[in-house]
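If you want the building blocks of each chain, they are given just below.
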Amino acid sequence: MLGSIEGPHDVKRLAAGELPRLAGEIRDLLVDSCARFGGHLGPNLGVVELTIAVHRVFDSPRDPVIWDTGHQAYVHKLLTGRAAGFDALKQEGGLSGYPSRAESEHDFVENSHASTALSYADGLAKAFKLRGERDRTVVAVIGDGALTGGMAWEALNNIAAVKDLPVVIVVNDNGRSYSPTIGGLASHLSSLRVDRRYEDMLEFVKDKLGNVPVLYDALHGIKKGVKDVIAPQAMFEDLGLKYVGPIDGHDEQAMEAALRKARGFRGPVIVHALTQKGRGYSPAENHDEDQFHSPGAFDRATGAEKPKGRIWTDVFSDELVRLGKEREDVVAITAAMLHPTGLARFADAFPDRTYDVGIAEQHALTSAAGLAMGGLHPVVAVYATFLNRAFDQLLMDVALHRLPVTVVLDRAGVTGDDGASHNGMWDLSLLQIVPGLRLAVPRDGERLTELLREAVDVTDGPTVLRFPKGPVAEAVEPVRKLGGMDVLHEPGTDDPDVLLVGVGPMAHACLEAATLLDAQGITATVVDPRWVKPLDEALVGAATGRRLVAVVEDNGRVGGVGDAVSRLLRDADVDVPVRTFGIPQHFLDHAKRAVILSRIGLTGQDLARQITEAVARRASPVVSPS
Ligand SMILES: Cc1ncc(C[n+]2csc(CCOP(=O)(O)OP(=O)(O)O)c2C)c(N)n1
Ligand SMILES: CC(=O)[C@@H](O)[C@H](O)COP(=O)(O)O
Ligand SMILES: [Mg+2]
């Protein structure tokens, strides 16, 4: 059945009785594909019936369907003719794990940063209204987690203000982000979920009085009044949004009925769907940490994931717990990612010193500023790319006040198969402009431990550490110190050709490159700055007299450490060419991290080749024809 679906029109043509089989086939394919490649199995198993209903009621793409965060759009892809692509899910050249405009006209939003869907919906609906396209409806599917993001409430405030704005907001409420969703909103949503008194009363009226019309009608009026009292969706209705629900999000026919009702309103309306993350695959349903939010490849029969080995996050997690025992002023903040950012063990040890603020990075940073003003040293752990959202808070709420806040950026640099908006390729550039901020990039677990301790000892301003996704790098001990920097390799000459500045984990590729260069008769010194902001003045002396300074960083090439080194040497009147090797300043297509690093020339071999060419050009500079 699934193989014959080329688009939503095929889904609409199915009889209601065929839909459970379709749902079963979808779940089988989701489990098979995610078992092979990894992926967002839990979120997608939770939206099978919801997505079928959306595509049977609305006319995508004329009615745009926007998926908040986009990690739960696999079913949408299956129902829009892309089942074959799941043989290469998230692989290079294969199906993206998120909506992709290049893949389909049914996909609109590629950004995987949460809490944006309602803003897109607001804009799209206003455009349709202004263009007189009154028959179009915008559907936005947003999770309970994404609803904890501030942008979502900014959008709701605007959407609710336009009574005839054709927006249907489907709240996919499974009670979880990775972990159980936190906060007042979550508890309000759960009150809508669990208050069975209203539903039970409904059942009673239907059962006992359904065949006594006059009584049934009288009670219908009472029922409406009761609903307003015990089914407190008043919050949404007070905002000016109609509310339909709560609906069993796994009852496809009930979802269809609710969506048809919502579409008929021709105005902003919330359909509150109750779903289960991981539905239909027991290892996911019973996975207590995150219900298989985004597992790596796993054994289909047992759900057992392939062991990851010790990752950078583990090193951070262990050291923070040790620090927490020594320093009672150290507190931790997560934005709905307690386990993925390694704070779970700290939370177990210090539950009163751990704060999960929901998907609210802006609030996280300014709350951290408050905690610091209150005499504590907050450690805020976020993925590097999500810090973008809280840049103003870091700049103006933390740095302006010179507050001792430490931000730990996980998944820094190329992350790869989570697509363009997940690569942590911005922070080494953005943070260069923050006055008084200190920025460190550890090359291995030992330096991560050292630098984290140095960071939390800083009392007169913010500190930031960043490290990549995946297995922690092997330890590389320095051959000597140079100021605050570590010298990792020195050729047997005191007048080397090249100074190789390896930023964090890129030091390993630099060491490989130095060996290859040596074989070409090009001598290179390799240094690891450890703190890349401010740069160590000793770098000036190390660079003086070289034929080339090569800076290698897992960050966009523009405005990062390479540019900072250039500026340092220029200000010191040291006339040595500086080449920055980094990520090209464009949005990268999805692929595994190693594949991308090779593609963009950040392997040891690629660096050696490029540096050889650069030195050769210096040796015989091309004289442009006069
Ligand atoms: C700004 C931002 N912060 C953090 C994340 C990481 N993240 C991806 S999905 C997710 C949980 C989303 O929960 P919910 O919206 O309830 O969707 P569900 O997975 O439950 O379907 C988080 C925190 C993100 N994508 N964007
Ligand atoms: C969608 C989202 O932002 C995350 O779930 C993302 O998939 C991060 O995955 P990892 O935690 O595996 O890096
Ligand atoms: Mg959720």
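Residues numbered from 1 in each chain as written. Chains lettered and ligands numbered in written order. Predicted model: local features only at pLDDT ≥ 70, side-chain atom pairs only at ≥ 80, totals over all residues. Heavy atoms only, no water.

Going by what an unreviewed UniProt entry lists, the protein is known as 1-deoxy-D-xylulose-5-phosphate synthase and is assigned to Nonomuraea corallina. In its Sequence similarities (unreviewed entry) section, the UniProt entry covering the protein states "Belongs to the transketolase family. DXPS subfamily." Here is the UniProt Catalytic activity (unreviewed entry) comment for the protein, exactly as written: "D-glyceraldehyde 3-phosphate + pyruvate + H(+) = 1-deoxy-D-xylulose 5-phosphate + CO2". (UniProt positions renumbered as here; feature names shortened; annotations may be inferred.)

*Asks:* Help me understand the coordination of the magnesium ion (ligand 3) in this model?
*Replies:* Geometry reference: four tetrahedral donors at a metal, ideal angle 109.5 degrees. Six octahedral donors, ideal angles 90 or 180 degrees. Asp144 (OD), Asn174 (OD1) and Arg176 (O) make up the full set of protein donors to the magnesium ion (ligand 3), lying at 2.0 to 2.2 Å. Read in sequence order, the donor residues coordinating the magnesium ion (ligand 3) give the pattern D-x29-N-x1-R. Highlighted residues: Asp144 in the loop between β2 (138–143) and α7 (150–159) and Arg176 in the loop between β3 (167–173) and α8 (184–194), separated in sequence by 32 residues. A relative accessible area of 3% means that Asp144 is categorised as buried. Classification of Arg176 by relative accessible area gives buried; the value is 14%. (Donors = N, O, S within 2.8 Å, 3.2 Å for Na, K, Ca; no water. Helix = DSSP H or I, 4+ residues; strand = E, 2+ residues; numbered from the N terminus. Buried < 20%, exposed > 50% of the residue type's maximum accessible area, 1.4 Å probe, protein only.)

*Asks:* What should I look at first to understand unusual backbone geometry in this one?
*Replies:* Both trends apply: most residues other than glycine have a negative phi, and most peptide bonds are in trans. Residue Pro61 follows Ser60 across a cis peptide bond; omega there is 0°. Counting through the fold element by element, Pro61 comes out in the loop between α4 (48–57) and β1 (65–67). The omega torsion of the bond from Lys533 to Pro534 falls at -10°, within 30 degrees of zero and hence cis. Here Pro534 lies in the loop between β16 (531–533) and α22 (538–543). For Phe292, which is not glycine, the phi torsion reads 60° and is therefore positive. On the secondary structure map, Phe292 appears in the loop between α13 (282–285) and α14 (312–326). Accessibility expressed as a relative area gives 2% for Phe292, which makes it buried. Here the phi dihedral of Ala336 falls at roughly 70°; this positive angle occurs in a residue that is not glycine. Given the relative accessible area of 5%, Ala336 is considered buried.

*Asks:* I keep staring at the site of ligand 1 and nothing clicks. Help me out?
*Replies:* In the region of ligand 1, 22 residues are neighbours, and His71, Ser112, Gly145, Lys277 and Glu361 sit closest. Within the side chain of Asp144, a nitrogen or oxygen atom sits 3.1 Å from an oxygen atom of ligand 1. Residue Glu361 places a side-chain N or O atom 2.7 Å away from a nitrogen atom belonging to ligand 1. Taken by itself ligand 1 offers 590 Å² of open surface, and the protein chains cover 98% of this. Here the shell around ligand 1 is built from residues that sort into seven nonpolar, 10 polar and five charged. (Near = heavy atom within 4 Å. Polar contact = N/O pair within 3.5 Å; in protein donor to acceptor, adjacent residues only side chain to side chain. Areas by Shrake-Rupley, 256 points an atom, 1.4 Å probe, with all protein chains shown as cover. Nonpolar A, V, L, I, M, F, W, Y, C, P; charged D, E, K, R; others polar.)

*Asks:* Looking at this structure, how should I read the UniProt feature "binding site: Mg(2+)" (unreviewed entry) in the protein?
*Replies:* According to UniProt, the "binding site: Mg(2+)" (unreviewed entry) feature falls on Asp144 and Asn174. Their sequence span is 31 residues, while the largest C-alpha to C-alpha distance among them is just 6.9 Å; these annotated residues converge on one region. Beyond its immediate chain neighbours, meaning those up to four positions away, Asp144 contacts Asn172, Asp173, Asn174, Gly175, Arg176, Thr181 and Leu189. Turning to its location among the elements, Asn174 is positioned in the loop between β3 and α8. Classification of Asn174 as buried rests on a relative accessible area of 11%. (Contact = heavy atoms within 4.5 Å.)

*Asks:* When you look at the sheet that holds strand β7 (residues 354–356) in this model, what are you seeing that I'm missing?
*Replies:* Two pairing modes exist for strands in a sheet, parallel and antiparallel, and in both the strands are linked by backbone hydrogen bonds. Taken in spatial order, the seven strands line up as β7-β6-β8-β9-β11-β10-β16 in an open sheet, and their pairing is mixed. Edge positions in the sheet fall to β7 and β16, since each has one partner strand and no second. Ignoring which end each strand starts from, the neighbouring axes of this sheet average 25° apart. Pairing of strand β6 (residues 330–334) with β7 involves three bridges; the strand directions are parallel. Bridging across to β7, Ile333 finds its partner in Tyr355. The sheet strands contacting helix α20 (residues 445–456) are β8 (377–383), β9 (406–410), β10 (438–440), β11 (463–466) and β16, and the helix crosses β11 at an angle near 165°. (Pairing = 2+ DSSP bridges. Axes fitted to C-alpha atoms, helices over the stretch in contact; angles between N-to-C directions.)

*Asks:* Explanation requested: the side chain of Arg411 in the structure shown.
*Replies:* Within the element layout of this structure, Arg411 appears in the loop between β9 and α19 (427–430). The class for Arg411 is buried, based on a relative accessible area of 14%. A distance of 3.3 Å separates a polar side-chain atom of Arg411 from the backbone oxygen of Pro340. In this structure the side chain of Arg411 is engaged in a polar contact, spanning 3.2 Å, whose partner is the side chain of Asp410. Those residues within four positions of Arg411 in sequence are excluded, and the remaining contacts are Thr313, Pro340, Tyr383, Ala384, His422, Gly424, Phe467, Pro468 and Lys469.

*Asks:* Looking at this model, I keep getting lost on the packing of aromatic side chains. Mind explaining?
*Replies:* Think of a pair of aromatic rings as described by two things: how far the centres are apart, and how the planes are tilted against each other in angle. As enumerated under the stated definition, the model contains 11 aromatic pairs in all. A connected cluster of aromatic rings, assembled from ring pairs, spans Trp153, Phe236 and Tyr243. Looking at Lys242, its charged tip hangs above the ring of Phe265, at a distance of 5.3 Å from the centre. Taking NZ or CZ as reference, Arg353 lies 4.2 Å from the ring centre of Phe350, over its face. (Phe/Tyr/Trp six-rings, centres within 6.5 Å; stacked < 30°, edge-to-face > 60°. Lys NZ or Arg CZ within 6 Å of the ring centre and 35° of its normal.)

*Asks:* Where do I start with the pairing of strand β4 (residues 242–248) in this structure?
*Replies:* Moving residue by residue along a regular strand, the side chains alternate between the two faces of the sheet. Most of β4 is tucked away, with five of its seven residues classed as buried. As paired strands, β4 and strand β5 (residues 269–274) are joined by five bridges and run parallel to one another. In the sheet register, Lys242 faces β5, and the bridge partner there is Val269. In this fold, the crossover linking β4 to β5 by way of helix α12 (residues 252–265) has right-handed handedness. (Right-handed = clockwise from strand over helix to strand, strands pointing away.)

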